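So you can see what is in the structure, the chains are spelled out below.
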Amino acid sequence: MDPNEKDRFDAETAAMISKATAELPYAFSVPESYEQFSAHIAGRSAAEVGIILERIVKCNHPSLADGNKEKLAEFYNFLLQFVNDCAASFDEEAKGDYNLEHIGLQVIEITIPFLFQMTAMFQAKAAVAVQGVIKEKFDAFAAQNRKSIPGLETLVFVKLVLLLFPASDRSE
């Protein structure tokens, strides 16, 4: 039985609507909470997470409006938490198209350039935020009765400190 023209039109319209709702918006406001940020990236591929981060940073650049610098400084903390969550949940054997266990390291790799870019915008606040995370990791390690090798989430932050705050500046 051939579908009539109206049925074909309805099917095409439904397909266009579902495709449009799956697309990423062009402008993102800075998330006000980590939960709101998580909702933006839930179910997205690593490439889509990179696009979302790029749009958040570019659409809310400090030169565009007053208060954006403070909003991005708070968002910086969310990104640090996100990197920690990705590293803590990474499992190379995980299954599925999207789960942090499977794409965690890819997402960390995509996130680091944005952390670097934002660190240049507000060095002092970024240093305090990263220092707080490192102190938290050290306190957790010191509280262990039986010392063990630090986890991936700790090692990622040690490497992140070296990338974001190099001991020497060779760009001179």
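Since the structure is predicted, the reported quantities are computational estimates derived from the model, not experimental observations. (Residues numbered from 1 in each chain as written. Predicted model: local features only at pLDDT ≥ 70, side-chain atom pairs only at ≥ 80, totals over all residues. Heavy atoms only, no water.)

Let us look at the overall build of the chain. Looking only at helices and strands, the chain features seven helices and zero strands. When its helices and strands are written in sequence order, the chain yields α-α-α-α-α-α-α. Within the chain, counting contacts between residues at least 6 apart in sequence, those at least 24 apart form 71% of the total. Carbon and sulfur atoms make up 57% of the accessible area of the chain, which totals about 11,300 Å². (Helix = DSSP H or I, 4+ residues; strand = E, 2+ residues; numbered from the N terminus. Contact = heavy atoms within 4.5 Å. Areas by Shrake-Rupley, 256 points an atom, 1.4 Å probe, with all protein chains shown as cover.)

Here the focus is helix H2 (residues 34-41). Turning to H2, its buried residues number three or more, namely Tyr34, Phe37 and Ile41. Looking down the long axis of H2, one finds its buried residues gathered within 60 degrees of arc, a one-sided arrangement. Across H2 from its buried face, at more than 90 degrees, point the exposed residues Glu35 and Ala39. Looking at the packing, one finds that the buried side of H2 touches helix H3 (46-59) and helix H4 (68-89). At the exit of H2 stands Gly43, carrying a positive phi of roughly 75 degrees. (Buried < 20%, exposed > 50% of the residue type's maximum accessible area, 1.4 Å probe, protein only. Arc of directions from axis to C-beta.)

With that settled, consider the packing of H4 against helix H6 (residues 123-142). Two quantities define a packed helix pair, namely the angle between the axes and the distance from one axis to the other. Relative to each other, H4 and H6 sit at 30 degrees, their axes nearing to 10 Å. The orientation of H4 with respect to H6, classified from their angle, is roughly parallel. For the pair H4 and H6, the crossing hand works out as right-handed. Contacts from Glu70, Ala73, Tyr76, Asn77, Leu80 and Asn84 in H4 reach Lys125, Ala126, Ala129, Val130, Val133 and Lys137 in H6. (Axes fitted to C-alpha atoms, helices over the stretch in contact; angles between N-to-C directions. Parallel < 35°, antiparallel > 145°, perpendicular 65-115°, else oblique. Left-handed = near helix turned anticlockwise from the far one by under 90°.)

Bringing the packing of aromatic side chains into the picture now. For the structure on display, the rule yields four aromatic pairs. Ring geometry for Tyr34 versus Phe37: centroids 6.2 Å apart, planes at 50 degrees, classification tilted. Of this pair, Tyr34 and Phe37 are both found in helix H2, three residues apart, which corresponds to roughly one turn of the helix. The buried category is assigned to Tyr34, whose relative accessible area is 18%. On the accessibility criterion, Phe37 (0% relative accessible area) is buried. Ring geometry for Phe37 and Phe82: centres 5.3 Å apart, planes at 90 degrees, overall edge-to-face. Taken as a pair, Phe37 in helix H2 and Phe82 in helix H4 lie far apart in primary sequence, 45 residues in all. Here the aromatic cluster, defined as three or more aromatic residues joined through ring pairs, consists of Tyr34, Phe37, Phe75 and Phe82. (Phe/Tyr/Trp six-rings, centres within 6.5 Å; stacked < 30°, edge-to-face > 60°.)

As for its position among the elements, Thr119 is in helix H5 (residues 100-121). If we ignore the near neighbours within four places in the chain, the residues touching Thr119 are Tyr76, Ala126, Leu164 and Phe165.

For the chain, per-residue confidence averages 83 on the pLDDT scale, and 83% of positions sit at 70 or higher. Within the chain, H6 carries the highest mean pLDDT (92), whereas helix H1 (residues 5-22) carries the lowest (68). (pLDDT = per-residue confidence, 0-100.)

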